[in-house]
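Structural features, examined
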Amino acid sequence: MIEMVSLLFLTIVLFVGAVALNKRYPKVWTLPIFTVSAIMMAILVFFHIPYTDYQQATSIFNFLLGPAIVAFALPLYQMRKIVVKYLHFIVAGFTIGLMVSLLATYVLGLLLPLDKALIHSLWEKNVTLPVAMNIASSTNGSVALTSIAVIISGCIGFSFGHKVMTWMKIDHFVARGVAMAAVAHVFGTNTSMALSKEEGGIALVTMVGTAILASVIIPILIS
C-alpha cells in the first residue's frame, strides 16, 4: 500500500516538475509525456518494480481521462453559436480527416510486413485516448500499442501542426481547429484552446465527432 501511494505521489511530482520544465524550455523533447515516462521507466527498472504494480497504483489517472474529456463541454457550450454556424465544414473536415487516417494505415499495412494485431492497434491513432483504448479493447487490439500510437500522433501534431499551417498560410480558425483536432486529438485541441476560444471550440467538436465516427467505422472495418 505504501509503495503504491509513493508511486502515485512520485508520478504527480514528476509531472508538475516536467510541466514547469516544458514552460521554461518549450521543446518537443521536454514534453511531460516524454520526460516523465523516461524517468518512471528508469525508476521501475532500477528498483525492479513490476509494471503491473505501477499500473495499479496509477489506475486513477485512467479513470480521470473520461471526466477530463467531459469537462470540455463548458467551453464548447460557450462557443455553440460559432460551432453551429460552421458545423457543415467541421463535419466534412473530421470525416475526411478520419478517412485519410484509415486509408494511410491500410496502405501502411500493405507496404510493410506488419502483424495483423499491430495494424488493428494503429487504426485508432487519431482518436482521443479514452475512446481509442475502448475501441482497441473491443476489437481485440493491443491497448498498449494503441496508447503509444495515439500519444505519438498527438505529440507530432501538437509540435508541428500550427507551424505547418502557418507555412502553408492557412489562417482561418475553422481550418486550423479542425486540422489540429483531426490529427492530434486532445493534444491539438488543448493547443487550439490556448490560442483562441473560437479555434478551441471548433477543435473540440472535431475531436468529439472524430471519436464518435471512429467508434462506428473502425469496428466495422476490422470485423
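See the structure shown above.
These lines cover the structure that appears in this document, whether it is placed above or below. Keep in mind the model is a prediction, meaning the values are calculated, not measured.

**Concerning the overall build of the protein chain**
A count of helical and extended segments in the protein chain gives twelve helices and zero strands. At 18 Å, the protein chain has a C-alpha radius of gyration in line with the 17 Å of a compact globule built from 223 residues. The C-alpha extent of the protein chain, read off along each of the three principal axes, is 55 × 40 × 30 Å. Counting over 223 residues, the protein chain shows a buried share of 39%. Split by element, the accessible area of the protein chain, about 13000 Å² in all, is 75% carbon and sulfur. Positive and negative side-chain charges of the protein chain, numbering 12 and 7 respectively, have mean locations separated by a distance of 14 Å.

**With respect to the nonpolar core**
A general tendency of soluble globular proteins is for nonpolar side chains to be buried together. Within the largest apolar cluster, 14 residues are counted, with the highest numbers of intra-cluster contacts made by L102, W123, V127, A214 and I218. Listed by contribution, the elements that provide at least two residues to this core are α7 (87-111), α9 (129-138) and α12 (197-222). Filtering out sequence-adjacent residues up to four positions away, A214 remains in contact with L98, V127, I135 and P219. In terms of nonpolar packing, the next biggest core, distinct from the first, is built from ten residues, V36, M40, I49 and Y54 among them.

**Points about the side chain of H185**
Inspection of the secondary structure puts H185 in helix α11 (residues 173-195). Owing to a relative accessible area of 1%, H185 belongs among the buried residues under this scheme. At a separation of 2.8 Å, a polar atom in the side chain of H185 contacts the main-chain carbonyl oxygen of V150.

**Concerning α12**
Taking 1.5 Å per residue, 26 residues should reach 38 Å; α12 reaches 37 Å between its end C-alpha atoms and fits that length. At A214, α12 shows its largest kink, close to 30 degrees.

**Considerations on unusual backbone geometry**
Here K169, not a glycine, exhibits a phi torsion of approximately 60 degrees, which is positive. With respect to the secondary-structure elements, K169 resides in the loop between α10 (143-167) and α11. The residue H185 is not glycine, and still its phi comes out positive at about 40 degrees.

The rules behind these values
- Residues numbered from 1 in each chain as written.
- Predicted model: local features only at pLDDT ≥ 70, side-chain atom pairs only at ≥ 80, totals over all residues.
- Heavy atoms only, no water.
- Helix = DSSP H or I, 4+ residues; strand = E, 2+ residues; numbered from the N terminus.
- Rg over C-alpha atoms; globule rule 2.2 N^0.38 Å.
- Buried < 20%, exposed > 50% of the residue type's maximum accessible area, 1.4 Å probe, protein only.
- Areas by Shrake-Rupley, 256 points an atom, 1.4 Å probe, with all protein chains shown as cover.
- Lys, Arg positive; Asp, Glu negative; His and termini not counted.
- Charge placed at Lys NZ, Arg CZ, Asp CG, Glu CD.
- Core = buried A, V, L, I, M, F, W, Y, C linked by side-chain atoms within 4.5 Å.
- Contact = heavy atoms within 4.5 Å.
- Polar contact = N/O pair within 3.5 Å; in protein donor to acceptor, adjacent residues only side chain to side chain.
- Expected span 1.5 Å × (residues − 1).
- Bend = angle between axes of the 7 residues up to and from the residue.

Function cannot be inferred from these measures alone, as they are strictly geometric.
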